[in-house]
Amino acid sequence: MGRMQEKVVLVTGAGQGMGRAHAQLLAKEGAAVIVTDLNEGQGRETAQLILDRGGIAVFHQHDVASGEDWSRVVEASIEQFGRVDVLVNNAGVLTLAMLEKTDETLWDWHMAVNAKSVFLGCKHILPAMKLAGGGSIVNISSLYALVGAPDAIAYSASKGAVRAFSRAAATELHTYGIRVNAVFPGVISTPMTAPVLTGDPAIAKEILGTTVMERAAEPEEVSSAVLFLASDESSFMTGSEVVVDGGFSAV
């Protein structure tokens, strides 16, 4: 049996990159996966990849910054599977811009997709998890919530909010048997980062920064941490911060 056998998992932003890798690994380990993404084509492709490999998956188009969308997706998930055991708040956006070039629209967008979505997800999944007697919430923060970096002021602030929120939620939700942990990925090779990581070597080296391992991670390497926190193997962990950054923050 897999490590997620008979578990129902909802993964946001699962249309590509890390979200797709998380969804596929969780399904491989036996979970029924609710794939959500704003991009319908990519989200359906992820769900189909899981189905083609004998897994269980459904897709829901989902604006994670909308409370109405969260209510609809959670309600549909309960109707389809009867419960949701795990929530992986993975959806996120990144636009590089220094403080002087960051306007209110850019700031609000990062806060809505990266931070507000985590609040909404936890709030809307809470009643279902309370009825089920517990669950696991895994929030995807970022290395940039731990270290300072130029050109990413809005992104860093939004991911720092995810870090603080996760700690606060962990202290509150343990009463209901709900664990809340956060993962902090470093530089990851995804469709979003591929153009710069495979282009000018000087630019790639600058982006990798102090990464001790001198390479970007594959999405699946982050998914292994997500799987551990989602599963019962991490039963004594809540409010924890799992850093997957190849040693970037160790220097």
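Residues numbered from 1 in each chain as written. Predicted model: local features only at pLDDT ≥ 70, side-chain atom pairs only at ≥ 80, totals over all residues. Heavy atoms only, no water.

(A) Representation of the packing of aromatic side chains within the structure. Taken as a whole and assessed by the stated rule, the structure comprises one aromatic pair. Taking 6.1 Å as the distance between ring centres and 80° as the angle between the ring planes, the aromatic pair formed by Y144 and Y155 counts as edge-to-face. One end of the pair, Y144, is in the loop between β5 (135-140) and α5 (153-173); the other, Y155, is in helix α5, with 11 residues separating them in the sequence. When the ring centre of Y176 is taken as reference, the NZ or CZ atom of K130 above it lies at 4.5 Å. (Phe/Tyr/Trp six-rings, centres within 6.5 Å; stacked < 30°, edge-to-face > 60°. Helix = DSSP H or I, 4+ residues; strand = E, 2+ residues; numbered from the N terminus. Lys NZ or Arg CZ within 6 Å of the ring centre and 35° of its normal.)

(B) Highlighting helix α1 (residues 17-28). With 12 residues, α1 should cover 16 Å at 1.5 Å per step; its first-to-last C-alpha distance of 17 Å lies within 8% of that length. Along α1, 11 of the 12 residues are buried, which leaves the element largely enclosed by surrounding structure. All buried positions along α1 are accounted for by G17, M18, G19, R20, A21, H22, A23, Q24, L25, L26 and A27. One or two residues past the end of α1 sits G30, with phi positive at roughly 110°. (Expected span 1.5 Å × (residues − 1). Buried < 20%, exposed > 50% of the residue type's maximum accessible area, 1.4 Å probe, protein only.)

(C) Molecular detail of the sheet that holds strand β7 (residues 241-244). Judged by pairing direction, the sheet is parallel, and its seven strands sit side by side in the order β3-β2-β1-β4-β5-β6-β7 without closing on themselves. Two strands bound the open sheet, and with one partner strand each, they are β3 (56-61) and β7. In this sheet, adjacent strand axes meet at a mean angle of 15° when their direction is disregarded. In this structure, strand β1 (residues 8-11) lies alongside strand β2 (residues 32-37), joined through four bridges in parallel fashion. What sits directly across from V9, in β2, is V33. Along the sheet, helix α4 (residues 104-132) contacts β4 (86-89), β5 and β6 (178-185); its crossing angle with β4, the most-contacted strand, is approximately 180°. Sheet strands in contact with α5 are β5, β6 and β7, and its direction is about 160° off that of β6. (Pairing = 2+ DSSP bridges. Axes fitted to C-alpha atoms, helices over the stretch in contact; angles between N-to-C directions. Contact = heavy atoms within 4.5 Å.)

(D) Summary view of a nonpolar patch on the surface. Together, L99, W107 and I153 line one region of the surface with nonpolar side chains, adding up to about 290 Å² of accessible area. Relative to the helices and strands, W107 is located in helix α4. Classification of W107 by relative accessible area gives partly exposed; the value is 35%. (Patch = residues over 30% accessible without salt bridge, like charges linked within 9 Å, V, L, I, M, F, W, Y side chains within 5 Å. Areas by Shrake-Rupley, 256 points an atom, 1.4 Å probe, with all protein chains shown as cover. Salt bridge = Lys/Arg side-chain N within 4 Å of Asp/Glu carboxyl O.)

(E) Here's a closer look at unusual backbone geometry. Residues other than glycine seldom take positive phi values, yet D151 does so here, at roughly 70°. Here D151 lies in the loop between β5 and α5. Backbone geometry at E214 places phi at a positive 60°, although glycine is not the residue there.

(F) Representation of the environment of S224 within the structure. Within the secondary structure, S224 is located in helix α8 (residues 219-230). Its relative accessible area of 42% is what places S224 among the partly exposed residues. For the pair S224 and V244, spaced 20 residues apart in the sequence, the C-alpha separation amounts to 9.8 Å.

(G) Region of interest: the packing of α1 against helix α2 (residues 40-52). Across the interface, α1 lies against α2 with an axial gap of 10 Å and an inter-helix angle of 25°. The orientation of α1 with respect to α2, classified from their angle, is roughly parallel. The crossing of α1 and α2 is right-handed. Of the residues in α2, those touching α1 at R20, A23, Q24 and A27 are Q42, E45, T46, L49 and I50. By residue class, the composition of the contact of α1 with α2 is four nonpolar, three polar and two charged. (Parallel < 35°, antiparallel > 145°, perpendicular 65-115°, else oblique. Left-handed = near helix turned anticlockwise from the far one by under 90°. Nonpolar A, V, L, I, M, F, W, Y, C, P; charged D, E, K, R; others polar.)

(H) The environment of L173, seen in detail. Structurally, L173 can be placed in helix α5. Look at L173 and you get buried, because its relative accessible area is 5%. Separated by 51 residues in sequence, L173 and C122 place their C-alpha atoms 9.8 Å apart. The contacts of L173, once residues within four sequence positions are left out, are L126, I137, I178 and V180.

(I) Main features of the environment of V162. With respect to the helices and strands, V162 occurs in helix α5. Sequence-wise, V162 and C122 are 40 residues apart; in three dimensions their C-alpha atoms are separated by 11 Å. Ignoring anything within four residues of it in the chain, the contact list for V162 reads N114, A115, V118, N139, I140 and S141.

(J) Structural view of the pairing of β3. Sheet topology note: the β2/β3 ladder contains six bridges and is parallel. Bridged to V35 within β3 is F59. Read as a crossover between parallel neighbours, the route from β2 over α2 to β3 is right-handed. (Right-handed = clockwise from strand over helix to strand, strands pointing away.)

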